[in-house]
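Observations on chain architecture
Letter by letter, the chains look like this.
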Amino acid sequence: MRPEVRFYQKELETMPRDQIRELQLTKLKKLIAYVYERVPFYKERLDSVGMTPEKFKSLDDLKEIPYTTKEDIRDHYPFGLFAVPTGDLVRIHASSGTTGKPTVVGYTKGDLDTWSDLVARLAVAAGATEQDIAQICFGYGLFTGALGLHYGLEKIGATVIPASSGNTEKQLMLMQDLGTSLIVATPSYALYMSEVARDLGKTKDDFKIRLGLLGSEGCTPEMREKLEEAWGMFVTDNYGMSELFGPGVAGECVFRCGHHIAEDHYIPEVIDPKTGESLNEGEKGELVFTTLSKEAFPLLRYRTRDLSTLDYSPCACGRTMARMAKVNDRADNMLKIKGVNVFPSQIESVLLTIEQISPNYQIVLTSKNYMDQLEVRVEVIDSTLLERFAELEALQQNVRHKLHTVLGIDAKVTLLSPRSIERTAGKAKRIVDQRGKNTI
Ligand code: ZN
């Protein structure tokens, strides 16, 4: 089922490490001069540490430069960090912020070209070819996922169906009638589509889906297995964020042993999120990226808040580009429950190992007597189980016990009938945090 090893830009993707570093340094020197001249924020930042384009000599000099944070972007809303006048932009995207204004990102014509090459690279690395019929089930709009994949897949010559998200029965009809071979969706929506297909009396053999480029929400190995089984497809994951163009920063090759970072366009670093100190290869910390090719909205040492590790060892596919470990735990997703750090991916991994329950779940947080309460709601696969009290109770105990072993805290487990948790066409609403409303 694993697709063949393919390349989109083989020479670049398999470049020897010393050449990667040489190319990075050449591009970085240009970038420093570029932002020094064009972005007052960066001129100030560079001046504050006594760095000028003339003084910048080696890749190590990058470590002298202060980090750029999401707050810096927010403070300069909407165009304050842009290096080109708005007249030079050909596209604007935005990502929703948790508070108030969105993060606005812009692209020149050259940026769109680079970006689609980056996405083309990740699609081909995952096994996509010009023969594929690719259905994009991400919502189109300000979000970078749909249009990013759209242009990248067109660039390799695949046939793109811009189905967007929602209207699941129509999605399935298009898939079947047009012979869709590749889907782009969130893992939870890909799973939901398979449920609806089953309801309509269809099996995976009624479709030709062979490849899933899934993203925009976490996907544990257990979830990936369920999806591969449901569709008979090979699933890969990729990494990106709108501040760094969107998808295309890194992606899995067919060996799925980490995401190859496009190091000719980004310099990755891993730092201690608390102290800001640089960490070594293999040490887990916060990912930081410097963009080497962006024209409209370049970023120096941008803190992503995503936790990962870097691996520079050679990969079986022949790519020399460093690999970052899959990000399951976005720092922003971490929940603090009863003082314990909990990642939703930990809960998902536990739930998916238990046969009688489905991969649809919800984490509900409430507060009682000023104490956090964790409830995990999950659907059983067989609805008749709900009538067999002893079995139900045993299952409940089992889930509770397993969660306790992994999380170290007690959770209330509620078993629900199949399909009782709401499905969405985008990111699943896994977490309901009602702790602001304290009930005594
Ligand atoms: Zn590889």
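Here is a short report on the structure shown in this document. (Residues numbered from 1 in each chain as written. Predicted model: local features only at pLDDT ≥ 70, side-chain atom pairs only at ≥ 80, totals over all residues. Heavy atoms only, no water.)

1. So, the environment of Arg-210
How we decide: We count a stretch as a helix when DSSP gives it H or I for four or more residues in a row; a strand needs E for two or more, and each element gets its number in order from the N terminus. Exposure categories follow from relative accessible area, calculated using a 1.4 Å probe and restricted to protein chains: below 20% of the type maximum is buried, above 50% is exposed, and the middle band is partly exposed. We call two residues contacting when some pair of their heavy atoms lies within 4.5 Å. Throughout this description, a polar contact denotes any pair of N or O atoms lying within 3.5 Å of each other; where both atoms belong to protein, one of them has to be capable of donating a hydrogen while the other can accept it, and for residues adjacent in sequence the pair is counted only when both atoms sit in side chains.
Tracing the chain through its elements places Arg-210 in the loop between helix H8 (187–199) and strand E6 (211–214). Residue classification places Arg-210 among the partly exposed residues on the basis of a relative accessible area of 31%. Arg-210 sits 149 residues away from Pro-359 along the chain, and the two C-alpha atoms are 21 Å apart. Each residue touching Arg-210, except ones within four places of it in the same chain, is listed here: Pro-3, Gly-127, Ala-128, Thr-129, Asp-132, Ser-181, Gly-232, Met-233 and Phe-234. A distance of 2.9 Å separates a polar side-chain atom of Arg-210 from the backbone oxygen of Gly-127.

2. A look at the coordination of the zinc ion
Rules: Because water is not among the atoms used, a metal site may look incomplete, as its donors are only the N, O and S atoms within 2.8 Å, or 3.2 Å for Na, K and Ca. Here a site with four donors is tetrahedral if all angles are between 85 and 135 degrees, and a site with four or six donors is square planar or octahedral if opposite donors are over 155 degrees apart and the other angles are between 65 and 115; anything else gets the irregular label.
Looking at the zinc ion, the protein donor atoms are Cys-253 (SG), His-260 (NE2), Cys-315 (SG) and Cys-317 (SG), and they sit 2.1 to 2.3 Å from it. Because the angles between the 4 donor atoms bound to the zinc ion fall within 102 to 114 degrees, the donor set is best described as tetrahedral. When the donors of the zinc ion are listed by position in the chain, the intervening gaps give C-x6-H-x54-C-x1-C. The burial state of Cys-315 is the same as that of Cys-317; both residues are buried.

3. Side note on the pairing of E6
Note the threshold: Seen with the strands pointing away from the viewer, any crossover whose path from the first strand over the helix to the second strand runs clockwise is right-handed.
Residues of E6 alternate between two faces, with Leu-211 and Leu-213 on one and Gly-212 and Leu-214 on the opposite face, all of them buried. One crossover worth recording links strand E5 (residues 182–185) to the parallel E6 by way of H8, and it is right-handed. Regarding the hand of the β-α-β motif, the stretch spanning E6, helix H9 (residues 221–231) and strand E7 (residues 234–241) is right-handed.

4. Thoughts on the sheet that holds strand E18 (residues 371–380)
Let me state the cut-off plainly: Two strands make a pair as long as DSSP finds a minimum of two bridges between them. To obtain each axis, a line is fitted to C-alpha atoms, and for helices this fit is confined to the stretch in contact; angles are then taken between N-to-C directions over 0 to 180 degrees.
With mixed pairing, the 4 strands of this open sheet are ordered in space as E19-E18-E17-E20. Bordering the open sheet on either side are strand E19 (412–416) and strand E20 (431–433), each of which pairs with just one other strand. Here the strands of the sheet are splayed against their neighbours by 20 degrees on average, with no regard to which way each runs. Of the strand pairs in this sheet, strand E17 (residues 357–368) and E18 are connected by 9 bridges, and their pairing is antiparallel.

5. A closer look at the pattern of salt bridges
A side chain of one charge can pair with a side chain of the opposite charge when the charged atoms of the two come close. Operational definition: For this analysis, a salt bridge means a side-chain nitrogen from Lys or Arg found within 4 Å of a carboxyl oxygen belonging to Asp or Glu.
The full count for this structure, using the stated rule, is 27 salt bridges. A salt bridge links Arg-210 to Asp-132; the nearest nitrogen and oxygen atoms lie 2.7 Å apart. Placement of Arg-210 in the loop between H8 and E6 and of Asp-132 in the loop between helix H5 (109–125) and strand E3 (133–136) is noted, with a sequence separation of 78 residues between them. Overall, Asp-132 belongs to the buried group, its relative accessible area being 3%.

6. Concerning the sheet that holds strand E12 (residues 302–308)
Here we have 3 strands laid out as an open sheet, ordered E10-E11-E12, and antiparallel in their pairing. The open sheet has two edge strands with one neighbour each: strand E10 (266–271) and E12. Neighbour-to-neighbour, the strand axes of this sheet turn through a mean angle of 30 degrees, independent of strand direction.

7. Observations concerning the environment of Asp-272
By secondary structure assignment, the location of Asp-272 is in the loop between E10 and strand E11 (285–291). For the pair Asp-272 and Asp-75, spaced 197 residues apart in sequence, the C-alpha separation works out to 24 Å. Only 2.7 Å separates the side chain of Asp-272 from the backbone nitrogen of Lys-274, close enough to count as a polar contact.

8. So, helix H7 (residues 168–178)
Applicable threshold: This arc describes the spread of directions from the helix axis toward the C-beta atoms.
Those residues of H7 not exposed but buried are Thr-168, Gln-171, Leu-172 and Met-175. Down the axis of H7, the buried side of the element spans an arc of 95 degrees, and every buried residue falls inside it. For H7, exposure combined with an orientation more than 90 degrees from the buried face picks out Glu-169 and Asp-177. A positive backbone phi angle near 70 degrees is found at Gly-179, which sits one or two residues after H7.

9. Description of the packing of H5 against helix H6 (residues 144–155)
Rules: What sets the label is the angle itself: under 35 degrees gives roughly parallel, over 145 gives roughly antiparallel, 65 to 115 gives roughly perpendicular, and the rest give oblique. As a working rule, the residues Ala, Val, Leu, Ile, Met, Phe, Trp, Tyr, Cys and Pro are called nonpolar, Asp, Glu, Lys and Arg charged, and the rest polar, with Gly in that last group.
The N-to-C vectors of H5 and H6 enclose an angle of 75 degrees; their axes lie 7 Å apart at closest approach. As summarised for this structure, H5 and H6 are arranged roughly perpendicular, according to the angle between their axes. Contacts from Asp-113, Trp-115, Ser-116, Asp-117, Val-119, Ala-120 and Ala-123 in H5 reach Thr-144, Gly-148, Leu-149, Tyr-151, Gly-152, Leu-153 and Lys-155 in H6. Per-class residue counts for the contact of H5 with H6 are 7 nonpolar, 4 polar and 3 charged.

10. Re the packing of aromatic side chains
Just so we agree on the cut-off: Under the pairing criterion, centres of Phe, Tyr and Trp rings, with the six-membered ring standing for Trp, must be within 6.5 Å; the plane angle then separates stacked pairs below 30 degrees from edge-to-face pairs above 60, leaving the rest tilted. Counted as over-ring charges are cases with an Arg CZ or a Lys NZ within 6 Å of the ring centre that also lie within 35 degrees of the ring normal.
Counting across every chain of the model gives 11 aromatic pairs. With a centroid separation of 5.3 Å and 75 degrees between ring planes, the pair formed by Phe-207 and Trp-231 is classed as edge-to-face. In this pair, Phe-207 is assigned in the loop between H8 and E6 and Trp-231 in helix H9, connecting sequence segments 24 residues apart. The residues Phe-207 and Trp-231 share a single accessibility class, namely buried. Three or more aromatic residues joined by ring pairs form one cluster here, namely Phe-79, Phe-82 and Phe-297. Of note, Arg-303 hangs over the ring of Tyr-67, and the distance from its end group to the ring centre comes to 5.6 Å. Positioned over the ring face of Tyr-361 is Arg-430, at 4.3 Å from the centre of the ring.

11. A short note on the packing of helix H10 (residues 344–351) against helix H11 (residues 389–407)
We count it as follows: When the near helix sits turned anticlockwise from the far one by under a right angle, the crossing is termed left-handed; a clockwise turn instead gives a right-handed crossing.
In contact at an axis separation of 10 Å, H10 and H11 are set at 140 degrees when each is read in the N-to-C sense. Taken together, the axes of H10 and H11 are oblique relative to one another. In this structure, H10 meets H11 at a crossing whose hand is right-handed. For the pair H10 and H11, the contacting residues are Gln-346, Ile-347, Val-350 and Leu-351 in the first and Val-399, Lys-402, Leu-403, Val-406 and Leu-407 in the second.

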